[in-house]
Amino acid sequence: MTDSELSKLIISAAVAPGGVPDEAQEEGDTTAEMELRQVTVPAVSHGSRLDRALAAIVPEFSRTYLQQLIEAGVVKVGGVVVTKASTKVKAGDELLVELRPTPQSQAFKPEAMALEIVFEDAYLMVINKPAGLVVHPAPGNWSGTLLNGLLAHDPQAVFLPRAGIVHRLDKDTSGLMVVARQRTVMDQLVGLIAARDVSREYLALAHGGWQGAKTRQVEAPIGRDPRNRLRMAVVDLEKNAGKTASTVVTLMQSAGQYCLVKCKLHTGRTHQIRVHMAFLGHPLVSDEVYGGAPAAGLGRQGLHACRLAFRHPVSGQAMEFKSEPPADFQAAIAGLGLIYNQIS
C-alpha cells in the first residue's frame, strides 16, 4: 500500500460517523496530490454559508477541512476567490474547490514506537501511556503521537476513526487508556463512557494541606475560561458556554503544604481534574496553567491515571486494570514528605 493509498484510507475512516466525544476532527483531502472539484449549489443550499453548502455537496470531506481550504484562498464562487466561510451562496452558484493535502492529512501515518500494552485481544487494548506522549496529532504535534504508534502496531487501525482512541489523556498525564480495535467495539466503548459505565481513577499530587472532609464531590460546570480562551475554567452556565462536570476527590495523605488525592471521574471534560482541583484551592504540582508550581523535581503535572474498569463490550466480562505511578511521580511524593501505598 502506498503512502497516498494509506492516507486515503485513514482520512476516509476519520470522517465516518461517531468517534470521540467533545473533540473536533481535523483531516485533509483523500489523496496526496491536488485535485480540482467543480460543483453546483443545489436549491436546498440556497442562502447557506459557503462551508455548510460545501460540506453538504461533498460529504466525504469534513467541514473543518473545507473551512481550511476556504481560508487558504483555494475556493471560488462564480469564478471569484472567497476566503470567508460565512459567505452566503445562492442556488446555481458554481463552486470550484482545489483539494490539497494539509498537515493534518499527512500526520495520520504509522510510526513504530514502544507501547506498554497492559491488555490486548481482538477487540480492544489497554495501554499504559507515559508522560510526555501526545495522544492525537494536533498543531505543534503532527507526528510522534500515540495515534501514529497505534497505526504502526495494528494495520487494521487505519479503518477506525482516530485509530480506535475513545478517550484522551493530556500530554503530561501518565497512565491507563483503553483503545478499540474494531468499529463496533469503538462505538460501544464511547457509549459506555457517555453512560458513565467506565470507571476512571487518577492519583493527583497537589498544593495545599488538606482540610475538611476526607471525600469531596465536586459538581462544577466546565467551559472555556472567558478571560483566557486557551484554558478551561469552572463557569456559570447561565452566563457562559460549558458542560456539567462531576469529580469525586478522596484524600490519601496530607503533609505540610502538599496533599496526595485520588480523583474519580464521573464525566470526561477537558482538563477536568486539573480545573476541579484548582477550584478546590489545590492546583496540581507543576500545573502552571491552573496555578500550580514545580516541586520536588517533578517536571510535569502531578496526575496519573491509576485505575480503569469496565465490562468488556463483547464478552461482558468485568475488566479492571491498575497502574502504579511512574518513578518521577513516586520520587516527588517521597520528596514532599508524603507516603504512598500501592493502589488498592
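For the structure, check the block above.
## Looking at the side chain of threonine 247
Then, in step 1: Among the secondary structure elements, threonine 247 is positioned in strand E12 (residues 246-255).
Then, in step 2: Residue class for threonine 247 comes out buried when judged on its relative accessible area of 1%.
Then, in step 3: Among the polar contacts made by the side chain of threonine 247, one reaches the side chain of histidine 276 at a distance of 2.8 Å.
Then, in step 4: Not counting the four nearest positions on each side in its chain, threonine 247 is found in contact with Arg216, Gln217, Val218, Cys263, Lys264, Leu265, Gln272, Ile273 and His276.

## A closer look at the environment of valine 179
Then, in step 1: You can see valine 179 is positioned in strand E7 (residues 174-180).
Then, in step 2: The exposure class assigned to valine 179 is buried, which follows from its relative accessible area of 1%.
Then, in step 3: Considering only alpha carbons, one finds valine 179 and arginine 162, 17 residues apart in sequence, at a separation of 9.7 Å.
Then, in step 4: Setting aside its immediate chain neighbours within four residues, valine 179 contacts Leu124, Met125, Ile127, Leu150, Ala163, Gly164 and Ile165.

## Observations regarding the environment of valine 190
Then, in step 1: Inspection of the secondary structure puts valine 190 in helix H6 (residues 183-194).
Then, in step 2: Under the relative-accessibility criterion, valine 190 is labelled buried at 15%.

## Some details on the pairing of strand E4 (residues 94-99)
Then, in step 1: Alternating positions in E4 separate cleanly, Leu95, Val97 and Leu99 being buried on one face and Glu94, Leu96 and Glu98 remaining unburied on the opposite face.
Then, in step 2: Here strand E1 (residues 35-40) runs beside E4; their pairing, made up of 6 bridges, is antiparallel. Considered in E4, the bridge of valine 39 is made with leucine 95.
Then, in step 3: Strand direction decides the pairing type here: strand E2 (residues 75-77) and E4, joined by 3 bridges, are antiparallel.

## Comments concerning unusual backbone geometry
When glycine is set aside, most residues are seen to have a negative phi, and most peptide bonds are trans.
Then, in step 1: Its identity is not glycine, yet histidine 271 carries a phi of approximately 60°, on the positive side.
Then, in step 2: Classification of histidine 271 by relative accessible area gives partly exposed; the value is 22%.
Then, in step 3: The backbone of alanine 296 sits at a positive phi, close to 55°, despite the residue not being glycine.
Then, in step 4: Note on placement: alanine 296 falls in the loop between helix H7 (272-279) and strand E14 (303-311).

## Details of the sheet that holds E2
Then, in step 1: Taken together, the 4 strands give an open sheet; going across it, the order is E1-E4-E2-E3, and neighbouring strands pair in antiparallel fashion. Among the strands making up the open sheet, the edge pair consists of E1 and strand E3 (80-81).
Then, in step 2: Each of E1, E2 and E4 touches helix H2 (residues 50-57); the most contacted strand, E4, lies at about 80° to it.
Then, in step 3: Docked against the sheet, helix H3 (residues 63-71) engages E2 and E4, running at close to 95° with respect to E4.

## A short note on the pairing of strand E13 (residues 258-265)
Then, in step 1: Summarising burial for E13: 6 of the 8 residues are buried, a large majority.
Then, in step 2: Sheet topology note: the strand E8 (residues 199-207)/E13 ladder contains 8 bridges and is antiparallel. Within E13, the position partnered with leucine 205 by the bridge is leucine 260.
Then, in step 3: In this structure, E12 lies alongside E13, joined through 8 bridges in antiparallel fashion. Looking across to E13, one finds that serine 254 is bridged to cysteine 259.

Conventions and cut-offs
- Residues numbered from 1 in each chain as written.
- Predicted model: local features only at pLDDT ≥ 70, side-chain atom pairs only at ≥ 80, totals over all residues.
- Heavy atoms only, no water.
- Helix = DSSP H or I, 4+ residues; strand = E, 2+ residues; numbered from the N terminus.
- Buried < 20%, exposed > 50% of the residue type's maximum accessible area, 1.4 Å probe, protein only.
- Polar contact = N/O pair within 3.5 Å; in protein donor to acceptor, adjacent residues only side chain to side chain.
- Contact = heavy atoms within 4.5 Å.
- Pairing = 2+ DSSP bridges.
- Axes fitted to C-alpha atoms, helices over the stretch in contact; angles between N-to-C directions.

What is shown is where atoms sit, not what they do.
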